[in-house]
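# Analysis of the macromolecular model
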Amino acid sequence: MTNAIRPLMAGNWKMNGLRTSAAEFKAMLAGAAEVGARADLLVCPPATLVAAFAEQARGSENLAIGAQDCHPNASGAHTGDISAEMLADAGASAIIVGHSERRTDHGESDVLVRQKAEAAWRAGLTAIVCIGETRHQRDTGQTLDICREQLNTSLPDNATAGNLVVAYEPVWAIGSGLTPTVQDVEQVHTFIRKLLTARFNAEGMRIRILYGGSVKPSNARELMAVANVNGALIGGASLKASDFLAIAGSYA
């Protein structure tokens, strides 16, 4: 982890959570005071819970609420979609865009991801842009090429440490229980840092780079100690307060 950068521990609940999940979220809020002194904590529930969780977290200095996706437009005839402005109005402070599950399940392109990141900025929110390679791409030695292409095309110009977070999530590791070696993670994160610095100069040195992909309490401390890992994007383990808080405290 780069010591000068305050870590971000973000939980992506994906398509999980009902109103009864408020009790688990309340436990996260209660425990966030301790770990929140050393890192920023973010929970991204499904859209149906963003407003309720944001209200529950109102006044908290330790845990914020994010969203999992948005439409590029601010409004319009887009049945079933949600704009960044709507999510901001509901209390979100950040939006995940370009997650591999969106890219795969909905055919989202790098260009569309860039438009969604710009929409997040338009609404005054932070864009968490996800990148990562498939197993085939990894096995054929394309990891860095894929990451370069996704970064070059998915990231808007004029990014800053305040409006952009990059999350590296090797697609083959998400939900599989598999993780790259520490050396592999360091190689990719160092590569991403160099690309960000080359494009955004001093701001590129400050933009947070998260690791995601089967992050759990048992491997979090080792992963968070890797150079240029500035936090985690946590999937299934973020659904339980005990696991999420254990991971969130792993950088200490």
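What comes next is a walk through the structure. (Residues numbered from 1 in each chain as written. Predicted model: local features only at pLDDT ≥ 70, side-chain atom pairs only at ≥ 80, totals over all residues. Heavy atoms only, no water.)

## Quick look at the overall build of the chain
Assigned secondary structure in the chain consists of 11 helices and 8 strands. On C-alpha atoms alone, the chain measures out to a radius of gyration of 17 Å, which is about the 18 Å that the 2.2 N^0.38 rule sets for 252 residues. Principal-axis analysis of the C-alpha atoms places the extent of the chain at approximately 45 × 45 × 35 Å. Counting across all 252 residues of the chain, residues that qualify as buried make up 51%. For the chain, the share of sequence-separated contacts (at least 6 apart) that also reach a separation of at least 24 residues comes to 74%. Accessible surface, the chain as shown: approximately 11000 Å² in total, 51% of it carbon and sulfur. For the chain, the centre of its 22 positive side-chain charges and the centre of its 25 negative side-chain charges are spaced 3 Å apart. (Helix = DSSP H or I, 4+ residues; strand = E, 2+ residues; numbered from the N terminus. Rg over C-alpha atoms; globule rule 2.2 N^0.38 Å. Buried < 20%, exposed > 50% of the residue type's maximum accessible area, 1.4 Å probe, protein only. Contact = heavy atoms within 4.5 Å. Areas by Shrake-Rupley, 256 points an atom, 1.4 Å probe, with all protein chains shown as cover. Lys, Arg positive; Asp, Glu negative; His and termini not counted. Charge placed at Lys NZ, Arg CZ, Asp CG, Glu CD.)

## Let's talk about the packing of aromatic side chains
Taken as a whole and judged by the stated rule, the model has 3 aromatic pairs. Taking 4.2 Å as the distance between ring centres and 5° as the angle between the ring planes, the aromatic pair formed by Phe 25 and Phe 53 counts as stacked. Of this pair, Phe 25 sits in helix α1 (residues 22–35) while Phe 53 sits in helix α2 (residues 47–56), and the two are 28 residues apart along the sequence. With respect to class, Phe 25 is no different from Phe 53; both count as buried. Summarising the aromatic geometry, the rings of Tyr 168 and Tyr 211 are spaced 6.2 Å apart at their centres and angled 55° between planes, so their arrangement reads as tilted. (Phe/Tyr/Trp six-rings, centres within 6.5 Å; stacked < 30°, edge-to-face > 60°.)

## Some remarks on the environment of Tyr 251
Tracing the sequence through the fold places Tyr 251 in the segment after α11 (241–248). Considered as a pair, Tyr 251 and Gln 183 are 68 residues apart in the sequence and their alpha carbons are 18 Å apart.

## Some remarks on the side chain of Ser 21
With respect to the helices and strands, Ser 21 occurs in the loop between β1 (8–12) and α1. On the accessibility criterion, Ser 21 (15% relative accessible area) is buried. When residues no more than four places from it in sequence are discounted, the contact partners of Ser 21 are Trp 13 and Phe 53.

## As for the layout of surface pockets
When its volume is computed, the largest pocket comes out at roughly 560 Å³. Contributing to the lining of the largest pocket are 21 residues, with Lys 14, Met 15, Gln 68, Asp 69 and Arg 102 lying nearest its centre. Sort the elements by how many residues they give to the lining of the largest pocket and helix α4 (residues 100–105) lands first, with 3 residues. Considered class by class, the residues forming the lining of the largest pocket number 9 nonpolar, 6 polar and 6 charged. (1 Å grid on protein atoms, 1.4 Å probe; cavity = no way out; pocket = protein on both sides within 12 Å on 5 of 7 lines; lining within 4 Å. Points joined across faces, edges and corners; volume = space filled by probe spheres on them. Nonpolar A, V, L, I, M, F, W, Y, C, P; charged D, E, K, R; others polar.)

## With respect to the pairing of strand β4 (residues 94–97)
What you see with β4 is no split at all: Ala 94 and Ile 96 on one side and Ile 95 and Val 97 on the other are buried throughout. Sheet topology note: the strand β3 (residues 63–67)/β4 ladder contains 2 bridges and is parallel. Considered in β4, the bridge of Gly 66 is made with Ala 94. Bridging between β4 and strand β5 (residues 126–131) involves 4 bridges; their strand directions are parallel. Counted as the bridge partner of Ile 96 is Ile 128 from β5. (Pairing = 2+ DSSP bridges.)

## Overview of α1
Taking 1.5 Å per residue as the helical rise, α1 with its 14 residues ought to reach 20 Å, and the 20 Å between its terminal C-alpha atoms agrees with that figure. For α1, the secondary structure elements touched by its buried residues are β2 (40–44), α2, β3 and α11. (Expected span 1.5 Å × (residues − 1).)

## A word on the environment of Ala 37
Note that Ala 37 resides in the loop between α1 and β2. Here the alpha-carbon distance between Ala 37 and Lys 26, two residues 11 residues apart in the chain, equals 18 Å. Beyond its immediate chain neighbours, meaning those up to four positions away, Ala 37 contacts Arg 6 and Asn 62.

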